[in-house]
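# A structural walkthrough
Chain by chain, the residues run as shown.
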Amino acid sequence: MLSNAPLAFCVSPLDRAEDIRRDPDALKALETRSDASAIFFLKGDPAICDNGQLLRRPYHLHREAAQMGEPILLGLQEGAPLYVLDLDPDQPTPTGLEFCDTRTASMQLAIAETGILAQARSMIEWRRKHRFCSNCGGGTIQTEAGRKRLCETCGTEHFPRVDPVAIMLVVKDDWCLLGRQESWPPRMWSALAGFMEPGETIQDGCAREIWEEAGLRTNPETARIIDNQPWPFASSLMIGLIIEAITVDIHIDTHEIEAARWFSKDEVRAMLSGAHSEADIPPKIAIARRLLEVWAD
Ligand SMILES: [Zn+2]
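All of these numbers come straight from a predicted model, not from anything done at the bench.

### Structural notes on the coordination of the zinc ion
- Within the first shell, the zinc ion binds the protein through Cys133 (SG), Cys136 (SG), Cys151 (SG) and Cys154 (SG), at distances of 2.3 to 2.4 Å.
- Its 4 donor atoms give the zinc ion angles of 99 to 117° at the centre, a pattern that matches the tetrahedral case.
- In primary sequence terms, the donor set of the zinc ion follows C-x2-C-x14-C-x2-C. Here cysteine 154 lies in the loop between strand S7 (148-151) and strand S8 (157-158) and cysteine 136 lies in the loop between helix H5 (111-129) and strand S6 (140-143), a separation of 18 residues in the sequence.

### Some details on the domain arrangement of the chain
- In terms of domains, the chain is made up of domain 1 (18-129), domain 2 (131-161) and domain 3 (163-296).
- Using only C-alpha atoms to locate each centre, domain 1 and domain 2 end up separated by 21 Å.
- Across the boundary between the two partners, domain 1 contributes 14 residues, which contact 12 residues of domain 2.
- Around 1100 Å² of area is buried between domain 1 and domain 2 when both sides are counted, 55% of it from carbon and sulfur atoms.
- The largest per-residue losses of area from domain 1 upon contact with domain 2 belong to Arg21, Glu70 and Trp126, which jointly make up 48% of the total buried on that side.
- Seen at the junction of domain 1 and domain 2, the total is 2 salt bridges.
- Put simply, glutamate 70 and arginine 149 hold a salt bridge, and the shortest N to O gap is 3.8 Å.
- Seen at the junction of domain 1 and domain 2, the total is 4 residue pairs in polar contact (both at pLDDT 80 or more).
- Where the side of domain 1 that touches domain 2 is concerned, the elements lending two or more residues are helix H1 (18-21), strand S4 (72-77) and H5.
- No other element matches the 5 residues that H5 contributes to the side of domain 1 that touches domain 2.
- Partitioning the side of domain 1 that touches domain 2 into residue classes produces 7 nonpolar, no polar and 7 charged.

### A few points about the pairing of S4
- Extensive coverage of S4 is indicated by the burial of 5 of its 6 residues.
- Inspection of the sheet shows S4 paired to strand S5 (residues 80-87) by 5 bridges, in the antiparallel sense. Each bridged residue has a counterpart across the sheet, and for leucine 76 the counterpart in S5 is proline 81.
- Linkage of S4 to S5, two consecutive antiparallel strands, is achieved through a turn of 2 residues, within which glutamate 78 is found at a positive phi near 50°.

### So, the nonpolar core
- Residues Ile39, Leu169, Cys176, Leu178 and Val268 are the most contacted members of the largest nonpolar core, which totals 46 residues.
- No other element matches H5, which puts 7 residues into this core.
- Domain assignment of the residues forming this core places at least three in each of domain 1 (18-129) and domain 3 (163-296).
- Non-local contacts of leucine 169, meaning those with residues more than four positions away in its chain, are made with Cys176, Leu177, Leu178, Ala191, Leu241, Ile242, Ile243, Leu291, Leu292 and Trp295.

### Focus on the sheet that holds S8
- The sheet built from 3 strands is open, its strands ordered S6-S7-S8 with antiparallel pairing. With one partner strand each, in any of the chains shown, S6 and S8 form the two edges of the open sheet.
- Summarising the sheet, S7 and S8 pair through 2 bridges and their orientation is antiparallel. Of the residues in S8, the one forming a bridge with arginine 149 is histidine 158.

### Some points on H5
- In a regular helix each residue adds 1.5 Å, so 19 residues correspond to 27 Å; H5 covers 28 Å between its end C-alpha atoms and thus fits that length.
- Where burial is concerned, most of H5 is hidden: 15 out of the 19 residues are buried.

### Some points on a negative patch on the surface
- Taken together, Asp15, Asp19, Asp23 and Asp25 make up a surface patch of like negative charges.
- Its place among the elements puts aspartate 19 in helix H1.

Definitions and cut-offs
Residues numbered from 1 in each chain as written. Predicted model: local features only at pLDDT ≥ 70, side-chain atom pairs only at ≥ 80, totals over all residues. Heavy atoms only, no water. Donors = N, O, S within 2.8 Å, 3.2 Å for Na, K, Ca; no water. Tetrahedral: all angles 85-135°; square planar, octahedral: opposite > 155°, others 65-115°. Helix = DSSP H or I, 4+ residues; strand = E, 2+ residues; numbered from the N terminus. Domains from an automatic or database assignment. Contact = heavy atoms within 4.5 Å. Buried area = accessible area lost by both parts, 1.4 Å probe. Salt bridge = Lys/Arg side-chain N within 4 Å of Asp/Glu carboxyl O. Polar contact = N/O pair within 3.5 Å; in protein donor to acceptor, adjacent residues only side chain to side chain. Nonpolar A, V, L, I, M, F, W, Y, C, P; charged D, E, K, R; others polar. Buried < 20%, exposed > 50% of the residue type's maximum accessible area, 1.4 Å probe, protein only. Pairing = 2+ DSSP bridges. Core = buried A, V, L, I, M, F, W, Y, C linked by side-chain atoms within 4.5 Å. Expected span 1.5 Å × (residues − 1). Patch = residues over 30% accessible without salt bridge, like charges linked within 9 Å, V, L, I, M, F, W, Y side chains within 5 Å. Areas by Shrake-Rupley, 256 points an atom, 1.4 Å probe, with all protein chains shown as cover. Lys, Arg positive; Asp, Glu negative; His and termini not counted. Charge placed at Lys NZ, Arg CZ, Asp CG, Glu CD.

What follows is the structure, encoded as structure tokens:
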């Protein structure tokens, strides 16, 4: 039952070209190469092909289509430059591009393509929200082919943010705790999760979130990091843990979750095989499912 396959978004074939980014002449030469290609996003969703790949086109044909005229260099794929273009929804879309909802795309694309998708989507979302300096309010410009932004007024450098999220399976003997949110599809249950806060360890953040959401005491010293996964909605890093509960009585915070309950290991095995009579768990792209696989194995 336990899968060793990498999770979606966890494999990327790209060399992020750190050395080239600091060399303006080398960057200019990269843009004119005949093997430079681009992938496309419109309103946060990628253009994809039928063959499990992101749609690529020659970069020089489409450079002008980028929103704000700023293509972002993602890196080199087998030596060839790859850019992402975030298309302006108010301008005509280049012909022949089919856009796909990102979550759907991440289940259809080849694994290495999902890594590119994660990087590209997080970068364009970050850029969209950081056109102005958080230090002085001045306008920012792109530098190093998109790897950072620079405030033209005060000189502050801004780097793409990554938001760490602890996602944890709380266990007690042969039972584990799952919760659900009101907005989720009926039957769907998953591991509890929450953003890390400043000044806490992953293990302490994990225990705090469980206390806040479900009113359970856990032992941070038992927290084991099982896996991690970039999650480009918009730019999280999911840190998957299993942690042991000290108490078992549940007191949920209804602002955070709609319900929480204990499931037996037999029930989890049934959910993993799609055979549970009243509960489902997230699809294979989700790290929550990996936590359940590891625990049930
Ligand atoms: Zn500034």
